Amino acid sequence: MSAWTQQWTGAQSRYAATAMVRSMAFTGTRRHCFCLRLPCYIRRVFGKLDSVVQVTVTRESLQRELRRVALPDGGDVISRDMVRALSVDDGKVSCVLEVPPELGTRMEPVRRGVESVLKSVPGVRSASVVMTAHAAQGSPKQPPDLRIGRHPTRAQGVEKIAGVKHIIAIASGKGGVGKSTLAANLSVALARLGGAIGLLDADIHGPSMPMMMGVSERPVSPDGKLIRPLTAHGVRLMSIGLLLPQDEAVIWRGPMLMGALQQMLQQVQWGELDILLVDLPPGTGDVQLTLCQRFELAGAVIVCTPQEVALIDARRAVTMFKRLNIPILGMVENMSYRVCPDCGEADYLFGEGGVRREAEASKVPFLGEIPFAPAIGRSGDNGKPVTAAASEASDAFEHVARQIRDQSRALSPRSRWK
Ligand SMILES: Nc1ncnc2c1ncn2[C@@H]1O[C@H](COP(=O)(O)OP(=O)(O)OP(=O)(O)O)[C@@H](O)[C@H]1O
Ligand SMILES: [Mg+2]
C-alpha cells in the first residue's frame, strides 16, 4: 500500500468513527432499529448536527489537514508550498495546486488527493482544485511567471498599460451573440490595416480565443516576470486558456477573477500596441466592472443579434458602460442576414435594421452588419478568422475595422497606422 493510500484510509476511518459516535449519541432509545437504518441515520444525523453545530472551516484548519497529502518525492503539498489561492466560502473550498512542470500530469493523483482531503473535512460542502505547472526561478526556459488565481493588487486610481495606446472592450449583455467571433476577426482586420494589435481573451470561464485564433502552445516568460504573448495572424494574443489544461474548469469568482484579469493585462509583454481588444464574457459582472473601473478604456463596442431578446441585454450593456463613463464606440449587428445561395439576395431572417435603430435610440454610432455565414462559423472552429483572407464575409468585418481604426486615429493623431 502506498504512503498516499495509507493516509487516505487513515483519514477515512477517523471520520467514519466520528460519524458512528455522533449518530449513536443522537439515536438514544430508538437503538433497536439502528442497525437496519444505519446509512439513513448517518445521513439524517449529519444533516441535523450540521445545522445545530456550526462547523467553522478556516484556511488554517484546511492547511493543517493538507499536510497529510504526501508527494511522491518526499514532503507534503504545504511544506513544499504548492497550494495557492486557498479560499473558503460558505463551505465551498477552492485552491490552485502549483506543481513543477516536469512532473506535469503525473501529479494528477496528488490533485485528486488534495480534493478528497478537503472534501473530508467536516463543514466542507464541496472542494475544487485546479492544477497549474510553474517552473522554478532560474530554469533555462521558464514558463510564465503568472501565478494565476491570485488576488488583485491595490491600485491608485485608473491604470494604463505601458505601451498600449487604446484598450477597446468587445461586449454584449447576452451570451453567444458573436463577441469572440467579432473580436478575433476585428483584430486580424485591424492588423491587416497596419495597426499593432493585441487581443486579450477576458472570458476567464469560457476562453475561446486559442481555438478561434488557432494557437495552443503555452506562453513563456524569458525574464520570469512578464509573460510573452503568442502571435497569431499578426495579432499578439493572450488567454487564460493558454495557461490551463484544455478541459480544466476555472472555478474562480470575485477577487480571484479580478486578479487573473489584472495579471493578464499587466504581466504580459504587450509591447507597443495601437489597440488592445478585450473579448469580454457575456453580461455585466465582475470582469466588466474591473476592466472599466481599474483600466483606462478608449471605449467599448457592443455586439448584438437582431432579436428583441438580445437587444434587451445589449441595452443593459450600453447603460452599464455609459454609467461607468466608458465611451461606446458603436454597435455591431451580427448574424443580420443570410445571403441566398440561389439569388444572392440578403435575407434578413430576424427583420431588418433592429440594431441600427437601437444604436440611433441610444445615440451611439452604428458600425455595421455582419452576415450569418457558415464560413464565419467554421473559421471560428478551425482557428483561421475569415478576415485572414479576402472574401465577402471578410469585407463586412473590415468595414467595422476601418471605423474603429478611424476613431483610434482621431484619439491619437500621431499613431503609426498606415
Ligand atoms: N456571423 C456568424 N455567422 C455564422 N456563425 C457565427 C457568426 N457569428 C458567430 N457565429 C458562431 O456562433 C457561435 C457563438 O459565437 P461566439 O463564440 O463568437 O459568441 P460569444 O458572444 O463570444 O459567446 P459567449 O457569450 O459564450 O462568449 C460560434 O460557434 C460562432 O462560430
Ligand atoms: Mg465569447
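None of the values given here were measured: they were computed from a predicted structure.

### Considerations on the overall build of the protein chain
Then step 1. A count of helices and strands for the protein chain gives twelve helices and 13 strands.
Then step 2. Considering the protein chain as a whole, with its 418 residues, one finds that 41% of them fall into the buried category.
Then step 3. Sequence-distant contacts, at least 24 apart, represent 76% of the contacts inside the protein chain between residues at least 6 apart.

### Things to note about the confidence of the model for the protein chain
The predicted coordinates of low-pLDDT regions are not to be read in fine detail.
Then step 1. Of all residues in the protein chain, 75% attain a pLDDT of 70 or more, and the chain-wide mean is 80.
Then step 2. Residue range residues 1-53 is modelled with pLDDT below 50. Its contacts to residues more than four positions away, or to other chains, number 22 contacts.
Then step 3. Long-range and interchain partners of residues 135-146, a stretch whose pLDDT sits below 50, account for 28 contacts in this model, where long-range means more than four residues apart.

### Quick word on unusual backbone geometry
Then step 1. Phi is positive for Asn325, which is not a glycine, with a value near 60°.
Then step 2. Looking at the element boundaries, Asn325 is found in the loop between helix H9 (308-323) and strand S10 (328-334).
Then step 3. By C-beta crowding, Asn325 is classed as exposed, having 9 other C-beta atoms within 10 Å.
Then step 4. Non-glycine residue Met335 carries a positive phi angle of around 60°.
Then step 5. Its location among the elements puts Met335 in the loop between S10 and strand S11 (338-339).

### Looking at the site of ligand 1
Then step 1. What surrounds ligand 1 is a group of 21 residues, the closest being Gly175, Ser180, Thr181, Gly377 and Gly380.
Then step 2. For the shell around ligand 1, the secondary-structure elements that each account for two or more residues are helix H5 (179-192) and helix H11 (374-382).
Then step 3. When its residues are assigned to classes, the shell around ligand 1 shows eight nonpolar, eleven polar and two charged.

### Considerations on the pairing of strand S13 (residues 366-370)
Then step 1. Among the five residues of S13, four are classified as buried, and the element is accordingly described as predominantly covered.
Then step 2. Inspection of the sheet shows S10 paired to S13 by four bridges, in the parallel sense. Its bridge partner lying in S13, Val332 is registered against Gly368.

### What about the pairing of strand S7 (residues 235-239)?
Then step 1. Among the five residues in S7, five count as buried, and that is most of the element.
Then step 2. Residues Val235, Leu237 and Ser239 of S7 are buried on one face, and the alternating residues Arg236 and Met238, pointing to the opposite face, are buried as well.
Then step 3. Pairing of strand S6 (residues 230-232) with S7, which is carried by three bridges, proceeds in the antiparallel orientation. Within S7, the residue paired with Ala232 across the bridge is Val235.
Then step 4. As consecutive antiparallel partners, S6 and S7 are separated by two residues, and within that stretch His233 has a phi angle of approximately 50°, a positive value.

### What about the sheet that holds S6?
Then step 1. With mixed pairing, the eight strands of this open sheet are ordered in space as S6-S7-S5-S8-S4-S9-S10-S13. A strand with exactly one partner marks an edge of an open sheet, and here the two such strands are S6 and S13. Mean inter-strand twist for the sheet, computed between neighbouring axes without regard to direction, equals 25°.
Then step 2. By the bridge criterion, four bridges tie strand S5 (residues 197-201) to S7 in an arrangement that is parallel. Paired with Leu200 across the bridge in S7 is Met238.
Then step 3. Packed on one face of the sheet, H9 meets strand S4 (164-171), strand S9 (299-304) and S10 and runs near 175° to S9.

### Describing the environment of Val177
Then step 1. With respect to the element layout, Val177 can be found in the loop between S4 and H5.
Then step 2. Considered as a pair, Val177 and Asn334 are 157 residues apart in the sequence and their alpha carbons are 7.0 Å apart.

### Looking at H5
Then step 1. Here H5 spans 20 Å end to end across 14 residues, near enough to the 20 Å set by a 1.5 Å rise per residue.
Then step 2. In terms of residue burial, H5 counts as a mostly covered element, since 14 of its 14 residues are buried.
Then step 3. Phi turns positive, to about 105°, at Gly194, one or two residues after H5.

### A word on the environment of Thr290
Then step 1. Counting through the fold element by element, Thr290 comes out in helix H8 (residues 286-294).
Then step 2. Considering only alpha carbons, one finds Thr290 and Leu261, 29 residues apart in sequence, at a separation of 8.1 Å.
Then step 3. Dropping the residues within four chain positions of it, Thr290 is found in contact with Met258 and Leu261.

### Considerations on the packing of H5 against helix H12 (residues 392-411)
Then step 1. Orientation of H5 relative to H12, taken along the N-to-C sense of each, is 65°, at an axis distance of 9 Å. Taken together, the axis directions place H5 and H12 in an arrangement best described as roughly perpendicular. Crossing angle aside, the handedness with which H5 passes H12 is right-handed. For the pair formed by H5 and H12, the contact residues are Asn185, Leu186, Ala189 and Leu190 on the first element and Phe397, Glu398, Val400, Ala401, Ile404 and Arg405 on the second.
Then step 2. Taken together, the residues that form the contact of H5 with H12 break down as seven nonpolar, one polar and two charged.

Criteria and thresholds
- Residues numbered from 1 in each chain as written.
- Chains lettered and ligands numbered in written order.
- Predicted model: local features only at pLDDT ≥ 70, side-chain atom pairs only at ≥ 80, totals over all residues.
- Helix = DSSP H or I, 4+ residues; strand = E, 2+ residues; numbered from the N terminus.
- Buried ≥ 20, exposed ≤ 12 C-beta atoms within 10 Å, placed from the backbone.
- Contact = placed C-beta atoms within 7 Å.
- pLDDT = per-residue confidence, 0-100.
- Near = placed C-beta within 6 Å.
- Nonpolar A, V, L, I, M, F, W, Y, C, P; charged D, E, K, R; others polar.
- Pairing = 2+ DSSP bridges.
- Axes fitted to C-alpha atoms, helices over the stretch in contact; angles between N-to-C directions.
- Expected span 1.5 Å × (residues − 1).
- Parallel < 35°, antiparallel > 145°, perpendicular 65-115°, else oblique.
- Left-handed = near helix turned anticlockwise from the far one by under 90°.

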